[in-house]
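# Remarks on the overall topology
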Amino acid sequence: GAGVSQSPSNKVTEKGKDVELRCDPISGHTALYWYRQSLGQGLEFLIYFQGNSAPDKSGLPSDRFSAERTGGSVSTLTIQRTQQEDSAVYLCASSPGGWGNQPQHFGDGTRLSIL
Amino acid sequence: ELKVEQNPLFLSMQEGKNYTIYCNYSTTSDRLYWYRQDPGKSLESLFVLLSNGAVKQEGRLMASLDTKARLSTLHITAAVHDLSATYFCASTNTGNQFYFGTGTSLTVIP
């Protein structure tokens with residue numbers, strides 16, 4: 001079956017613009033995770049969804065970041081008024097069980113570049 | 001904030017040799033995760049360790065967790081070139097957040 005799908009694979013945008021990143025998890029996976037990876041900050045956890053609910057949003061770097069998940073499936077990560085420090089690879093993962101109980105399946109990521 | 005430290009950061013080893021990567025974390029947690037990342041690629045989950053004394057093995061890799069020592073090890077047995085990659089460990093706190101180590105870049109030399 002299909003793995004975790006992320007789109008777009010690459011996004012280049014100007015500073016100050018809004019961007020929306022999409023993640024399609026593996027069908028039936030109830031847990032969904034967003035991370036980002038950058039040279040300066042390494043791997044950072046952003047947010048976790050169990051179903052449509054995110055119990056803790058404190059991992060989001062600033063109030064310019066928001067995420068939602070609908071229908072227990074697709075998730076979008078939105079960054080408003082992008083800044084150059086937002087440049088990173090954004091990774092999405094899903095797993096069948098609850099918080100951290102089972103191996104995560106990762107998408108290929110979205111490489112975001114802010115000019 | 002939970003801090004995760006890995007060592008070594010860089011590891012160059014000959015094929016056929018054994019070695020261990022260490023992962024220390026700063027606060028109480030009974031969960032530890034290992035991942036692999038090939039250059040230019042995404043992450044691959046290797047092991048999920050959910051209790052003190054947990055040991056898991058897959059091929060030439062074996063991971064263990066000692067929650068009292070706040071230490072996990074990733075042991076490589078008889079390394080082969082295909083194991084060359086960056087390995088990350090991560091732990092979680094009760095606040096539903098993951099914290100990653102800085103990664104260990106492993107190069108296996110023929």
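Preceding block: the structure.
Reading guide: rules and limits
- Residues numbered from 1 in each chain as written.
- Chains lettered and ligands numbered in written order.
- Predicted model: local features only at pLDDT ≥ 70, side-chain atom pairs only at ≥ 80, totals over all residues.
- Heavy atoms only, no water.
- Helix = DSSP H or I, 4+ residues; strand = E, 2+ residues; numbered from the N terminus.
- Rg over C-alpha atoms; globule rule 2.2 N^0.38 Å.
- Buried < 20%, exposed > 50% of the residue type's maximum accessible area, 1.4 Å probe, protein only.
- Contact = heavy atoms within 4.5 Å.
- Areas by Shrake-Rupley, 256 points an atom, 1.4 Å probe, with all protein chains shown as cover.
- Lys, Arg positive; Asp, Glu negative; His and termini not counted.
- Charge placed at Lys NZ, Arg CZ, Asp CG, Glu CD.
- Phe/Tyr/Trp six-rings, centres within 6.5 Å; stacked < 30°, edge-to-face > 60°.
- Polar contact = N/O pair within 3.5 Å; in protein donor to acceptor, adjacent residues only side chain to side chain.
- Disulfide = S-S within 2.5 Å.
- Pairing = 2+ DSSP bridges.
- Axes fitted to C-alpha atoms, helices over the stretch in contact; angles between N-to-C directions.
- Core = buried A, V, L, I, M, F, W, Y, C linked by side-chain atoms within 4.5 Å.

## Quick notes on the overall build of chain A
- From N to C terminus, chain A includes zero helices and ten strands.
- When the elements of chain A are put in sequence order from the N terminus, they spell out β-β-β-β-β-β-β-β-β-β.
- Over its C-alpha atoms chain A spans a radius of gyration of 13 Å, differing by no more than 12% from the 13 Å that the globule rule assigns to 115 residues.
- Each principal axis of the C-alpha atoms in chain A carries an extent, and together these give about 40 × 30 × 25 Å.
- Counting over 115 residues, chain A shows a buried share of 50%.
- In chain A, the proportion of contacts linking residues at least 24 apart, taken out of those at least 6 apart, comes to 55%.
- Surface accessibility of chain A: about 5,400 Å² in total, with carbon and sulfur atoms responsible for 44%.
- Here chain A holds 10 positive side-chain charges and 11 negative ones, and the gap between their average locations is 2 Å.

## Some points on the packing of aromatic side chains
- Per the counting criterion, the structure on display carries 16 aromatic pairs over all chains.
- Ring geometry for tyrosine 33 of chain A and phenylalanine 98 of chain B: centres 5.8 Å apart, planes at 80°, overall edge-to-face. Taken together, the positions of tyrosine 33 of chain A in strand 4 (residues 31–38) and phenylalanine 98 of chain B in strand 10 (residues 98–100) put the pair across two chains.
- For tyrosine 33 of chain A, a relative accessible area of 0% corresponds to the buried category.
- Geometrically, the ring pair formed by tyrosine 35 of chain B and phenylalanine 100 of chain B is tilted, given 5.6 Å between the ring centres and 40° between the ring planes. Highlighted residues: tyrosine 35 of chain B in strand 4 (residues 32–37) and phenylalanine 100 of chain B in strand 10, separated in sequence by 65 residues. Neither residue differs from the other here; tyrosine 35 of chain B and phenylalanine 100 of chain B are each classed as buried.
- What links up through ring pairs into an aromatic cluster is the set Tyr33, Tyr35, Phe45, Tyr48, Trp99 and Phe106 of chain A together with Tyr33, Tyr35, Phe98 and Phe100 of chain B.

## Section: the side chain of aspartate 86 of chain A
Residues and elements named next belong to chain A.
- Its location among the elements puts aspartate 86 in the loop between strand 7 (75–79) and strand 8 (88–95).
- Among the residues examined, aspartate 86 registers a relative accessible area of 1% and is labelled buried.
- A polar contact of 2.8 Å, which involves the side chain of aspartate 86, links it to the side chain of arginine 64.
- The residues touching aspartate 86, leaving out its near neighbours within four places in the chain, are Arg36, Arg64, Phe65, Ile79, Leu112 and Ile114.

## Focus: the state of the cysteines
Residue and element names in this part refer to chain B.
- If you walk through the whole model with that rule in mind, you get two disulfides over all chains.
- Put simply, cysteine 23 and cysteine 89 are joined by a disulfide, and their sulfur atoms are 2.0 Å apart. Its torsion about the S-S bond being 85°, the disulfide of cysteine 23 and cysteine 89 is classed as right-handed. You can see cysteine 23 sitting in strand 3 (residues 19–25) and its partner cysteine 89 sitting in strand 9 (residues 85–92), a full 66 residues away along the chain.

## As for the pairing of strand 4 of chain A
Residue and element names in this part refer to chain A.
- Extensive coverage of strand 4 is indicated by the burial of eight of its eight residues.
- Because side chains alternate across strand 4, one face comprises the buried residues Ala31, Tyr33, Tyr35 and Gln37, and the other comprises Leu32, Trp34, Arg36 and Ser38, equally buried.
- Pairing geometry for strand 4 and strand 5 (residues 42–50), over eight bridges, is antiparallel. If you follow serine 38 over to strand 5, its bridge partner there is glycine 42.
- As paired strands, strand 4 and strand 8 are joined by seven bridges and run antiparallel to one another. Counted as the bridge partner of tyrosine 35 is leucine 91 from strand 8.

## Examining the sheet that holds strand 1 (residues 4–7) of chain B
Residue and element names in this part refer to chain B.
- Read across the open sheet, the five strands follow the order 1-3-8-7-6; overall the sheet is antiparallel. At either margin of the open sheet sits one strand with a lone partner, and together these are strand 1 and strand 6 (55–58). Across the sheet, the axes of successive neighbouring strands diverge by a mean angle of 15°, strand direction being ignored.

## Quick word on the nonpolar core
- In terms of nonpolar packing, the biggest core is built from 25 residues, with Leu32, Trp34, Leu74, Ile76, Tyr87 and Leu106 of chain B touching the most fellow members.
- Counting residues per element, the ones that place at least two in this core are strand 2 (10–14), strand 3, strand 4, strand 5 (43–49), strand 7 (61–66), strand 8 (71–76), strand 9 and strand 11 (104–109) of chain B.
- Of all hydrophobic cores here, the second largest spans 21 residues; its members include Val4, Leu32, Leu60 and Ala67 of chain A.

It is worth stressing that arrangement in space is one thing and function is another; only the former is reported here.
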